[in-house]
Amino acid sequence: MHTTKIKTICFIVTLLSFSVFSFAQAQHEVRIINGVEYYVYSVQQGEGLFRISQNFGVSQDEITRINPEVRDGLRIGQIILIPRQTQTAQTPQTQTPPPANVVASAFGGGNQPAPAEQRTVVENREPSFHFHTVQRRQTLFSLSQHYGVTQDDIIRFNPQAARGLRTGEVLRIPKAETARTETRTVETQQNISEEYFIHTVEARETLFSISRKHNVTQADIEHLNTDLDVLSIGRELRIPRNVVPAQTTDAVSERTTAFLDWRRIFGRQRVADDATKLRIAFLLPFSLENRANVDARFFEFYAGAVKAIHEAQTNGISLDIHTFDTGTTEERLQDIFAQNPILREVDLIVGPAHHIQVPIVTQFAQRHRVKTLIPLSNRVPDIERNPYIFQFNPGMNVEIDFLRQMFDTQFANMNIVFANIEGVSEADEGAIISREIRQMLNERGRRYSTLTISAPEINLFEPRLNSRGRNLIIFNTNQFQLVQPFLANLNTANRDFDITIFERYGWKNRDVRRPNGIYVAPFRPESEILHLRSYNQNFVNLFGWEATYHSPRFDILGYDLVTYFIRILSDRKTDIANQLQLEAHREGLQSQFRFVRRSLDSGFINQQMYFGNSQVR
């Protein structure tokens, strides 16, 4: 009877999936890009990523990979691409393990046993390669992240790389699809029943929910089971026995992982009195279930946080650190809160990273009165009515207030030209800031000119420029790809005119030639970061690899924030609940924090901004 019921459920699920596919096929435009067919879909009111993924029969991670902007949330009318699925079942592809062979114990919690022996197996054909010229400051770790292969894969085809990389050296890096990593689990017949028990997969269960149900990590289950890309109802999984519970990652436990050598980092630190113990939980998207889409920034943010934890431990502060892999969906986060009551008792929650998950965390924080740091999002809902939230990224209101000062000082005598690109959404953050600046100039009676542009053309900007003074160009978009076609015009005009572009901070990482740029951000310019060389050396000494050199440095952001909040929370004299502004106990490396709130019933928002310059020749 049970078997019949399972077959009936599977038939219904298959029928529904086929119906959804047929509906999508009939209703939506199909576009072919690089030989791949996509549906062109307009987001409807009330829809989330989960519902769209279910309607089209495509995973949320796949939609996010193709449309990375959805990590910041969906908007009504937003156009996204959905890969077209065929009615024939596709053979699941084996995914490449995450960079640096990160195991679940580093981020999913739990004391993970030493990883089983690994070997790289190459199919019986000559593998295809990327030929990569090593750039300054690149490491094996950063290259493995960029190409989605392991460091061992790179070393196998470039043995000299084991001794270090040389700038200008050309490496053969195997393409991800030509190499796969197998984990060999050594078992003996006589004690196999003592090593694991059997779990039968039920409807709607995932690898994540099963690992939480049995108090093990996902890596524990993966070691004993192969082909876990798809979990079918009724499948029998081996679940390991006698592993340490998975919810808590104790920062002073003795274990070794490929990402963080916990024994070396914390093994010699003395444990302080429990009276000073702080409990911190990290909710970050390490994507252990979909390792091909791992974002190195979150590894590095957490590594910087661990460096701060290490220093605090050295100074006698005892810490319980809990880590949870949030993925990218609302459902995953809700599952974590439902199954981990420890989160109601911690002193601080750090996360999440994705904007779509922020409302779930803030509601949880208010309901259970848990202090929560939102490290990345600049749009935190209901922060004016939630006294438990700390928002680091100041957001548009703070940025505009800062710009008012800049236009009265640094930009006071500049000729201002608003370059409005046709077709840009009114909801674009750059469009909003552009309108706010125009309104501010109108209030001050300052003159400016406006140029509407749709395509590059000869002498596009020249009629609006002042040959005798400085010119400031303000585009109406936050998206660099919309601005890039017009940079050639500005480069040409810059030969005869003094041109400066008002940039968004994220454009700093775009290596495209353009005139001088100015920006405002909650991060110091790199040239103003004190003791950066010492920090970098200590980081390498602690972890054995270098962080990625981008703007901002996510490792330094994690280090600065966690150091700051450890000091705030461990200072028993600081009564946060009755303060409108938090004191700066120390000067951060990359950011100084000035957390302020409007009333005792509202949350704190960092108000510190910096003015910087950038230029790419």
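Worth saying up front: this structure is predicted, and the values here are computed from it rather than measured.

The tally for this structure, following the rule as stated, stands at 24 aromatic pairs. Ring centres 5.6 Å apart and planes at 45 degrees place the aromatic pair Y39 and F56 in the tilted group. Placement of the pair is Y39 in strand 2 (residues 36-42) and F56 in helix 2 (residues 49-56), with a sequence separation of 17 residues. What makes Y39 buried here is its relative accessible area of 1%. Among the residues examined, F56 registers a relative accessible area of 6% and is labelled buried. Between the aromatic rings of Y505 and Y519, the centroid separation amounts to 5.3 Å while the plane-to-plane angle is 65 degrees, which identifies the pairing as edge-to-face. You can see Y505 sitting in the loop between strand 18 (498-502) and strand 19 (514-521) and its partner Y519 sitting in strand 19, a full 14 residues away along the chain.

If you walk across this open sheet you meet the 6 strands as 16-15-17-18-19-22, and the pairing is mixed. Looking at which strands have only one partner, the edges of the open sheet turn out to be strand 16 (449-453) and strand 22 (610-616). The sheet shows a mean angle of 30 degrees between the axes of neighbouring strands, direction not considered. Across 5 bridges, the pairing between strand 15 (residues 415-421) and strand 17 (residues 470-475) is parallel. By the bridge assignment for strand 17, F418 is matched with I474. Sheet strands touched by helix 15 (residues 429-444): strand 15, strand 17 and strand 18. Its angle to strand 15, the strand with the most contacts, is close to 145 degrees.

Once that is clear, we can look at the environment of L319. Tracing the chain through its elements places L319 in strand 11 (residues 319-325). Once the C-alpha coordinates of L319 and L278 are considered, the two residues, 41 residues apart in sequence, prove to be 4.8 Å apart.

In low-pLDDT regions, the fine details of the predicted coordinates are not to be read closely. When pLDDT is averaged along the protein, the result is 77, and 75% of the positions lie at 70 or above. Across residues 86-127, where pLDDT falls below 50, the model places 116 contacts with residues more than four positions away in sequence or in other chains. Across residues 179-193, confidence stays below pLDDT 50; counting only partners more than four residues off in sequence or on other chains, it has 31 contacts.

To continue, consider the packing of helix 12 (residues 330-339) against helix 13 (residues 358-368). One can describe the packing of helix 12 onto helix 13 by two numbers: an axis separation of 9 Å at closest approach and a directional angle of 25 degrees. What the angle tells us is that helix 12 and helix 13 run roughly parallel. Between helix 12 and helix 13 the crossing geometry is right-handed. Here E330, L333, Q334 and F337 of helix 12 lie close against helix 13, whose contacting residues are I360, V361 and F364. Class assignment of the residues belonging to the contact of helix 12 with helix 13 gives a composition of 5 nonpolar, 1 polar and 1 charged.

Strands sit in the order 11-10-12-13-14-21-20 across an open sheet of 7 strands; the sheet is mixed. Two strands lie at the open edges of the sheet, namely strand 11 and strand 20 (595-596), each paired on one side alone. With 2 bridges joining them, strand 14 (residues 389-391) and strand 21 (residues 604-606) adopt parallel strand pairing. Residue Q391 lies in a different strand from strand 21, and its bridge partner there is I605. Sitting on the sheet, helix 11 (residues 296-314) is in contact with strand 10 (278-284), strand 11 and strand 12 (348-350), with an inclination near 170 degrees to strand 10.

A few words now on the side chain of T500. Inspection of the secondary structure puts T500 in strand 18. Apart from residues no more than four positions distant in its own chain, T500 is found in contact with M414, R470, N471, L472, I473, N516, G517 and I518.

What follows is about unusual backbone geometry. Along the chain, G351 connects to P352 via a cis peptide bond; the corresponding omega equals 5 degrees. As for its placement among the helices and strands, P352 is situated in the loop between strand 12 and helix 13. In the segment running from S551 into P552, the intervening peptide bond is cis, with an omega of 0 degrees. Following the sequence through the fold, P552 ends up in the loop between helix 18 (532-543) and helix 19 (554-570). Residue D382 is not a glycine yet carries a positive backbone phi of 60 degrees. Accessibility expressed as a relative area gives 47% for D382, which makes it partly exposed. One non-glycine residue, N459, lies in the positive phi region at around 55 degrees.

Conventions used here
Residues numbered from 1 in each chain as written. Predicted model: local features only at pLDDT ≥ 70, side-chain atom pairs only at ≥ 80, totals over all residues. Heavy atoms only, no water. Phe/Tyr/Trp six-rings, centres within 6.5 Å; stacked < 30°, edge-to-face > 60°. Helix = DSSP H or I, 4+ residues; strand = E, 2+ residues; numbered from the N terminus. Buried < 20%, exposed > 50% of the residue type's maximum accessible area, 1.4 Å probe, protein only. Pairing = 2+ DSSP bridges. Axes fitted to C-alpha atoms, helices over the stretch in contact; angles between N-to-C directions. Contact = heavy atoms within 4.5 Å. pLDDT = per-residue confidence, 0-100. Parallel < 35°, antiparallel > 145°, perpendicular 65-115°, else oblique. Left-handed = near helix turned anticlockwise from the far one by under 90°. Nonpolar A, V, L, I, M, F, W, Y, C, P; charged D, E, K, R; others polar.

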